[in-house]
Amino acid sequence: MPFLLDSPEAVAQARQSAAVDFEAFWADVAGHYEWMNPWHTVCDWEFETPRVRWFDGAKLNMTANCLDRHVAAGHGDRNAILWEPNDPADDTVAITYAELHGRVCRFANVLKSRGVGKGDRVALYLPMVPELAVAVLACARIGAVHSVVFAGFSARSLADRIQDAGAVCVITSDGMKRGAKGLALKAVVDEALAECPTITTNLVVRHTGEDVQWNTDRDVWLHEALTAVSGDCPPEPMDSEDLLFILYTSGSTGKPKGVVHTCGGYMVYAGYSFANVFQYQPGDVYWCTADIGWITGHSYIVYGPLLNGATTVMFEGVPTYPSPGRFWEVCEKLKVNQFYTAPTAIRALMACEPRFAKGHDLSALKVIGSVGEPINEEAWQWYHDAIGGGECALVDTWWQTETGGILISGLGAHSPMKPAHAGYPLPGISPVLVDGDGNTLEGEAEGYLCIDRPWPSMIRTTYGDHERCRNVYFSAFKGKYFTGDGARRDADGMFRIIGRVDDVVNVSGHRFGTAEIEDAIDSHPAVAECAVIGYPHPIKGQAVHAYVILKDGALPSTEEGITALRKEIGVQVNTEIGNIARPDRIQFTPGLPKTRSGKIMRRILRKVASGEHDQLGDTSTLLDPTVVDGVIAGAAEFLA
Ligand code: WT7
């Protein structure tokens, strides 16, 4: 089987062979990579424990496949990364495969010189600068496990993640720029490290040039350390199931959990899915606008593209800086062929039409992609027409941090497109819909989205807590991986993702557990109790509505006092989690609708926040149905 399925017939054939023998299918795909040692078992799995092992016995190094392989094939001069800085006045920086290889090796030697080795955990808290990609690859080079933390999370969140992983090293920069805003990253790290005794090195990238506090026991300037090491660093041979990285993500309960991905399977799937979804051809310029702090950046800025010898754009800024034309300016300037972004960005930029999208030459675009949340039909249509010129393939890619790669999506122009539908699973992937009792639904149906067979890049465990992994993903429906999403399958077998069915909100494509935000709000001294839900938001997809019961006497008597208290609670969320989780609405309420057993009826809160209080359904099990009237009255100011 060819690696790139470049026609509808090739796709159909791959589907067929995966259905006949999925292990042989994946062995075939894996055969397109460079292994230091062959596997003895393609896949060893059962979904009870769960135990999932791919390509057991094999040895490999991810970076040998991302870098050395391409340089050895004579492609060292190709651009690996095109870095587009925050400020449009600054030049694009091109890094070839040969240069990237050199920089990764040198960076890897800096890590080694600080005692970091195979299996050690390294936390990365960096802006979207080339050093972030280099650091990720340097970890993979020596077998250290990276844990990238989005540089918008608070010191508290960073410390939690460092502690959970027992990281020995953290890599950051002096500061960062994102649009017109700046952030003193090193200062955030300093605050976090006060509670992180396992960290022995803080490697600091000089980026903004701003002043920083210095702790000589621990802090090391990267540029100084780089001059003291050699540029030669052979790739560490890794077992297929050795950890490649941990990435923290939110669930319906508890603190964010560390999703674990391993070397062999993740490599096979990241490269395969990138090649086929985006139909990348040599010489193309590919741009994914995500941040490497999320899984999208891991799989489709760094690993997937580099495994394919692609040119991947890394963008430091934001879509609206200095103007909402920035994305299209960059697409024109770099002649971008594949463009991959989130519905929230599409909707925000759509609101700025026609001034900004028109007048840019977007004719190089061939494939445009969407990821992170359901894309509504209006946004889909605008993206297709105004950006894709009505001629590009639009791929709506459904996947999750836990799946490691895109599972349901069109494959370039080789699949039928239908607005707001992710479409068909990639060859080798077997999604199923089940009802509440776990019965598999056939044909046209709506239900809980599960996957009933393993795929190479699936989650292996949640770091340090395997029982949690079993409980969250493998216990709801026996013998199946449960995604947490609801979905519909049409008569043609195309999937439409409806959204989360658990207590997870998706704000601008960022995932938060409602419980996590509730914990942050509860930690404010004036708060007695609260409940958080997501409500539909025209740009963000979902936004956060917090219903807050204050302690006796804590409700301010003036309008100004109320505004100030809301702000304080917002800051509390900012401090505990990060600005991205801050509620859009904080409603002070005397009560919450609870059942006789004390459970909050979130369904009612969701309806009220969506302005659908005339469709509350059965409220007869409520302890005090009159509470609902107070909740509705309090919500009125937000719904006006
Ligand atoms: C959740 C996963 C993996 C990409 C970034 C988000 C939602 C993701 C789509 C899509 C509808 C989508 C799901 C999923 N989601 N892509 N194309 N259509 N919903 O990763 O933070 O792990 O969130 O994002 O609800 O479960 P994540």
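For the structure, check the block above.
Small disclaimer: the values here were computed from a predicted structure and weren't measured.

Enquirer: So what's going on with the site of the ligand? Which residues, and what values?
Expert: The ligand sits among 17 residues. The nearest are Asp 396, Thr 397, Thr 401, Asp 485 and Arg 511. One of the backbone nitrogen or oxygen atoms of Glu 373 is found 3.4 Å away from a nitrogen atom of the ligand. Residue Arg 511 places a side-chain N or O atom 2.7 Å away from an oxygen atom belonging to the ligand. Taking 550 Å² as the accessible area of the ligand by itself, protein coverage stands at 95%. Breaking the shell around the ligand down by element, the ones donating at least two residues are α10 (295-307), β20 (393-397) and β25 (495-500). Split by residue class, the shell around the ligand holds 6 nonpolar, 6 polar and 5 charged.

Enquirer: Could you give me a rundown of the layout of surface pockets, with the residues and numbers involved?
Expert: In this structure, the second largest pocket occupies an estimated 330 Å³ of space. What lines the second largest pocket is a set of 14 residues, among which Phe 3, Ala 275, Leu 307, Asn 308 and Gly 309 lie closest to the centre.

Enquirer: I'd like a description of the sheet that holds strand β16 (residues 285-288), backed by residues and values.
Expert: With respect to topology, 7 strands assemble into an open sheet ordered β5-β4-β17-β16-β18-β19-β20, the strand pairing being mixed. Of all the strands in the sheet, the pair left with one neighbour each is β5 (93-96) and β20. Strand-to-strand, the axes of this sheet are offset by a mean angle of 20 degrees, without reference to chain direction. Where strand β18 (residues 338-341) meets strand β19 (residues 367-371), 4 bridges bridge the pair, whose relative direction is parallel. When the sheet's bridge partners are listed, Phe 339 is paired in β19 with Ile 368. Along the sheet, helix α9 (residues 263-278) makes contact with β16, β18, β19 and β20, crossing β20 at roughly 145 degrees. With respect to the sheet, helix α11 (residues 326-334) is in contact with β4 (79-84), β16, β17 (311-315) and β18, its orientation differing from that of β4 by roughly 145 degrees.

Rules behind the numbers
Residues numbered from 1 in each chain as written. Predicted model: local features only at pLDDT ≥ 70, side-chain atom pairs only at ≥ 80, totals over all residues. Heavy atoms only, no water. Near = heavy atom within 4 Å. Polar contact = N/O pair within 3.5 Å; in protein donor to acceptor, adjacent residues only side chain to side chain. Areas by Shrake-Rupley, 256 points an atom, 1.4 Å probe, with all protein chains shown as cover. Helix = DSSP H or I, 4+ residues; strand = E, 2+ residues; numbered from the N terminus. Nonpolar A, V, L, I, M, F, W, Y, C, P; charged D, E, K, R; others polar. 1 Å grid on protein atoms, 1.4 Å probe; cavity = no way out; pocket = protein on both sides within 12 Å on 5 of 7 lines; lining within 4 Å. Points joined across faces, edges and corners; volume = space filled by probe spheres on them. Pairing = 2+ DSSP bridges. Axes fitted to C-alpha atoms, helices over the stretch in contact; angles between N-to-C directions. Contact = heavy atoms within 4.5 Å.

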